Amino acid sequence: MIGGLFGPDSSDSDDGEREGVAAESDESIELAGTPVVVRACAYHPQNANKVWPGTYSFASWLAERWDALPLGDGQRVLELGAATGALSAWLAMRGCSVASSDIDDGDVARLRRGC
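Residues numbered from 1 in each chain as written. Predicted model: local features only at pLDDT ≥ 70, side-chain atom pairs only at ≥ 80, totals over all residues. Heavy atoms only, no water.

Caption draft 1: Representation of unusual backbone geometry. One non-glycine residue, A32, lies in positive phi territory at about 50°. Position of A32 among the secondary structure elements: in the loop between strand 2 (25-31) and strand 3 (34-40). If you check the backbone angles, D73 has positive phi at about 50° while not being a glycine. Along the polypeptide, D73 turns up in the loop between helix 1 (53-65) and strand 4 (76-80). (Helix = DSSP H or I, 4+ residues; strand = E, 2+ residues; numbered from the N terminus.)

Take a look at the structure:
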């Protein structure tokens, strides 16, 4: 399965649970006519577990112009702020080599504490 699979990092407990974090859940969505499965993790109540509306619009925009863009065939793409990784998964299914990243709320909390 290709999907935006954001799980626990190496600093988490063996069971993959984080303090105050809801369980992960798989969600099937459709981006520009392509089914994509993402794993939503509730690391942040306002930001996680969401495929942002702009993701659907951007995927549609890319699909409409795909043949004119230098994408696919292993073209490298970096997605920052990937959230569930839906767009990254969609790009990978279309042949791109994708690296994606998003912020970890634990890191934000440590920064706020000055660590």
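On we go from here.
Caption draft 2: Representation of helix 2 (residues 86-93) in the model. Burial within helix 2 is extensive, with 6 of its 8 residues counted as buried. Every buried residue of helix 2 is listed here: A86, L87, S88, A89, W90 and L91. (Buried < 20%, exposed > 50% of the residue type's maximum accessible area, 1.4 Å probe, protein only.)

Everything listed here is a matter of geometry and, on its own, says nothing about what the molecule does.
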